[in-house]
Amino acid sequence: TISCAAMLADWTQQEVLTGTTIMAVEYNGGVVIGADSRTSSGTYVTNRTQDKLTPLTEYIYCCRSGSAADTQAIADHVRYYLDFSRISQGREPTVRYAAHVMQSILYNNRDNLSAAVIVAGWDEVNGGQVYCIPLGGLLVRQPMAAGGSGSTYIWGHLDAQFKPGMTDTECQEFVAKSVSLAIKRDGSSGGVCRLAVINRGGVQRRIIMHEDLPKSYDG
């Protein structure tokens, strides 16, 4: 048998992780990003309302998965670089530039950091864009990207249901349904579903409470 003291020591010594579901999808006019809200330490849920959609600029966000401390620190560094870029160049940085700044930090520290992120947003040059940066620091632009432990449960759904040129509303429904399915099947994903729509008009955020998430087969 395992004593209560041993169980307590186990999770207190575990790294705090956003074992998670994150995703982002390009649509005609911008991007929609989404994530669950559970943060865990081993098998212990340390936070049920974590916000994993982190602003880098007014029009660019990153979706964080991996070590909570690592991803928060990296986002702060990238935000500083992008603020400096905007001031020095007198214009908003592009999503591509933000993704390359993020990728440079992750790649150069790939042996010391546990972080996989999605950088998504809108700019005047290329409109809505999604860039995936998995563990190791690879950088790939994709019309749809998903990450975190929950993504492994829903790739079949994503492949079957994704279609290019979706509207704003269709894209939000697709992201909400996908995150809901991952929450249902993945023990490290849970809580609410946070969504953000990023386009020329800025960012519109919404929260879908657990009881309001799209329903699916409960087998």
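Analysis parameters
For every chain, the first residue of the written sequence is number 1, and numbering continues from 1 along that sequence. In keeping with the model being predicted, local features are shown solely for residues with a pLDDT of at least 70 and side-chain atom pairs are shown and tallied solely at 80 or more, while totals for entire chains, interfaces and linings include all residues. With hydrogens and water excluded, all non-hydrogen atoms of the structure serve as input to the side-chain values. Only DSSP runs of H or I covering at least 4 residues are called helices, and only runs of E covering at least 2 are called strands; the numbering of each starts at the N terminus. Partly exposed residues are those whose accessible area sits between 20% and 50% of the maximum for their type, while under 20% is buried and over 50% is exposed, using a 1.4 Å probe and protein chains only. Side-chain atoms alone can form a polar contact between residues adjacent in sequence; in general such a contact is a pair of N or O atoms within 3.5 Å, and within protein one must be able to donate a hydrogen while the other accepts it. In this description, strands pair whenever DSSP reports at least two bridges between them. Residues enter patches when they are more than 30% accessible in relative terms and free of salt bridges; like-charged ones are connected within 9 Å and nonpolar ones (Val, Leu, Ile, Met, Phe, Trp, Tyr) within 5 Å. In short, Shrake-Rupley with a 1.4 Å probe defines the accessible areas, and a residue's cover is counted only from the protein chains shown. Any carboxyl oxygen of Asp or Glu that lies within 4 Å of a side-chain nitrogen of Lys or Arg is treated as forming a salt bridge with it. Helices are assigned an expected span. That span is 1.5 Å times one less than the residue count. Residues are treated as being in contact if the distance between any of their heavy atoms lies within 4.5 Å. By nonpolar core is meant a set of buried Ala, Val, Leu, Ile, Met, Phe, Trp, Tyr and Cys residues that side-chain atoms within 4.5 Å join together.

Chemist: Help me understand the side chain of S65 in this model?
Modeler: Relative to the assigned elements, S65 resides in strand β7 (residues 60–66). With relative accessibility at 5%, the residue S65 sits in the buried group. Within polar-contact distance, the side chain of S65 engages the backbone oxygen of A116 at 2.7 Å.

Chemist: What am I meant to see in the pairing of strand β12 (residues 193–199) here?
Modeler: Note on strand geometry: in a regular strand, side chains alternate between the two faces of the sheet. Where burial is concerned, most of β12 is hidden: seven out of the seven residues are buried. Residues C193, L195, V197 and N199 point to one face of β12 and R194, A196 and I198 to the other, with burial holding for every one of them. In the sheet, strand β3 (residues 30–35) pairs with β12 via six bridges, with the strands oriented antiparallel. Across the sheet, residue V32 finds its bridge partner in β12, namely V197. Between β12 and strand β13 (residues 202–208), which pair antiparallel in sequence order, lie two residues.

Chemist: Can you walk me through a nonpolar patch on the surface in this structure?
Modeler: Together, Y80, Y81 and F84 give the surface a local cluster of nonpolar side chains, amounting to about 380 Å² of exposed area. One can find Y81 in helix α2 (residues 68–89).

Chemist: Looking at this structure, I do not really get helix α3 (residues 95–108). What am I missing?
Modeler: Within an α-helix, residues lying three or four positions from one another point in the same direction, as the helix has 3.6 residues per turn. Spanning 14 residues, α3 covers 20 Å between terminal C-alpha atoms, matching the ideal 20 Å at 1.5 Å per step. What α3 keeps buried is the set V95, A98, A99, V101, M102, Q103, I105 and L106. Buried residues along α3 sit against β7, α2, β8 (115–123) and β9 (127–133).

Chemist: In this structure, what is going on with the nonpolar core? I would like to understand it.
Modeler: In globular proteins that are soluble, nonpolar side chains generally tend to be buried together. Judged by nonpolar contacts, the single largest core of 23 residues is most densely connected at M23, V25, L158, F174 and V175. Ranked by the residues each element gives to this core, the list is headed by helix α5 (residues 168–185), at eight residues. In terms of nonpolar packing, the next biggest core, distinct from the first, is built from 19 residues, L56, I60, V95 and A98 among them.

Chemist: Is there a simple way to explain the pattern of salt bridges in this structure?
Modeler: A complete count under the given rule lists six salt bridges for this structure. Measuring nitrogen to oxygen at the nearest pair gives 2.8 Å for the salt bridge that ties D36 to K52. Residue D36 is found in the loop between β3 and β4 (39–41), and its partner K52 is found in the loop between β5 (44–47) and β6 (53–55); the two are separated by 16 residues along the sequence. Classification of D36 by relative accessible area gives buried; the value is 0%. Between R200 and E124 there is a salt bridge, and its shortest N-O distance comes to 3.4 Å. You can see R200 sitting in the loop between β12 and β13 and its partner E124 sitting in the loop between β8 and β9, a full 76 residues away along the chain. We note that R200, like E124, is exposed.

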